[in-house]
Amino acid sequence: MTNALIAFARAVGWGTLAGAVPYMALLLAPMLLSLWDGEDPLSAAMLVLFPLALSGAFVLGSALLFGLPLTFFLSESAQEHGGTYAMAGAVLGLLMPVAVTLSMSGSVGGEVLFLSLPGGFAGLVTGTSWGRWREAQRAVQDAL
């Protein structure tokens, strides 16, 4: 159980970083400019860390609400493969920003692509990490 929790935290952590780093890189220049102007360094740091918090919330929520039930169904049906987790994560990561935007505003515009692409990458990384661990666990069980 402890190994599963560590693997889950690792998958969520890598997915969070994968989803946040593109935005953090985009916000780094404004942060440095605001520090250069003598503004509050805490405000500038929060500007860069906000994508990390937002990405973490989306990745953790998606992993708990969709990833763990998917793990249950795949393990029960003996159809468990690392690629399945990676593909499911990528598709879910692409669709999650669309669903959230649609539920909040009632319409979806082109700007959702700005959120969907890093979301898909975050889902891909999370699913790949979790899928590799699940495959390794399956190999150990099959060897016994």
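Reference entry: report on the structure contained in this document. (Residues numbered from 1 in each chain as written. Predicted model: local features only at pLDDT ≥ 70, side-chain atom pairs only at ≥ 80, totals over all residues. Heavy atoms only, no water.)

### A short note on the layout of surface pockets
It is a probe the size of a water molecule, rolled over the atoms, that shows where empty space is left. In this structure, the largest pocket spans a volume of roughly 720 Å³. Taken together, 39 residues line the largest pocket, and the ones lying closest to its centre are Phe58, Val59, Ser62, Gly93 and Gly119. Elements with a contribution of two residues or more to the lining of the largest pocket: helix 1 (2-36), helix 2 (41-77), helix 3 (82-105) and helix 4 (112-143). Broken down by element, the lining of the largest pocket gets its largest block of residues, 14 residues, from helix 2. (1 Å grid on protein atoms, 1.4 Å probe; cavity = no way out; pocket = protein on both sides within 12 Å on 5 of 7 lines; lining within 4 Å. Points joined across faces, edges and corners; volume = space filled by probe spheres on them. Helix = DSSP H or I, 4+ residues; strand = E, 2+ residues; numbered from the N terminus.)

### Some details on the packing of aromatic side chains
Counted according to the given criterion, the structure contains 3 aromatic pairs. A centroid spacing of 5.5 Å and a plane angle of 65° characterise the contact between phenylalanine 72 and phenylalanine 73, whose relative ring orientation is edge-to-face. With relative accessibility at 49%, the residue phenylalanine 72 sits in the partly exposed group. Overall, the relative accessible area of 56% leaves phenylalanine 73 in the exposed class. An aromatic cluster is present here, built from Phe8, Trp130 and Trp133 joined pairwise through their rings. (Phe/Tyr/Trp six-rings, centres within 6.5 Å; stacked < 30°, edge-to-face > 60°. Buried < 20%, exposed > 50% of the residue type's maximum accessible area, 1.4 Å probe, protein only.)

### Here's the deal with the nonpolar core
Counting residues in hydrophobic clusters, the biggest one holds 11 residues: Ala7, Phe8, Ala11, Val12, Val59, Ala63, Leu74, Tyr85, Ala122, Trp130 and Trp133. Elements with a minimum of two residues in this core: helix 1, helix 2 and helix 4. It is helix 1 that contributes the most residues to this core, 4 residues altogether. Apart from residues lying up to four places away in sequence, alanine 7 is in contact with Trp130 and Trp133. In terms of nonpolar packing, the next biggest core, distinct from the first, is built from 5 residues, Met24, Met31, Ala44 and Val48 among them. (Core = buried A, V, L, I, M, F, W, Y, C linked by side-chain atoms within 4.5 Å. Contact = heavy atoms within 4.5 Å.)

### Points about the pattern of salt bridges
All chains considered together, the criterion is met by 2 salt bridges. With a closest N to O distance of 2.7 Å, arginine 134 and glutamate 80 form a salt bridge. One end of the pair, arginine 134, is in helix 4; the other, glutamate 80, is in the loop between helix 2 and helix 3, and 54 residues separate them in sequence. Judged on exposure class, the residue arginine 134 and its partner glutamate 80 are both buried. A salt bridge links glutamate 80 to arginine 138, with the nearest nitrogen and oxygen atoms 2.8 Å apart. Of this pair, glutamate 80 sits in the loop between helix 2 and helix 3 while arginine 138 sits in helix 4; the two residues are 58 residues apart in sequence, bridging distant segments of the chain. (Salt bridge = Lys/Arg side-chain N within 4 Å of Asp/Glu carboxyl O.)

### Structural notes on the packing of helix 3 against helix 4
In a pair of packed helices, the angle between the axes and the distance between the axes together describe the arrangement. One way to put it is that helix 3 packs onto helix 4 with a least axis distance of 6 Å and a crossing angle of 150°. Taken together, the axes of helix 3 and helix 4 are roughly antiparallel relative to one another. Handedness of the helix 3/helix 4 crossing: right-handed. Here the residues of the contact of helix 3 with helix 4 sort into 11 nonpolar, 12 polar and 2 charged. (Axes fitted to C-alpha atoms, helices over the stretch in contact; angles between N-to-C directions. Parallel < 35°, antiparallel > 145°, perpendicular 65-115°, else oblique. Left-handed = near helix turned anticlockwise from the far one by under 90°. Nonpolar A, V, L, I, M, F, W, Y, C, P; charged D, E, K, R; others polar.)

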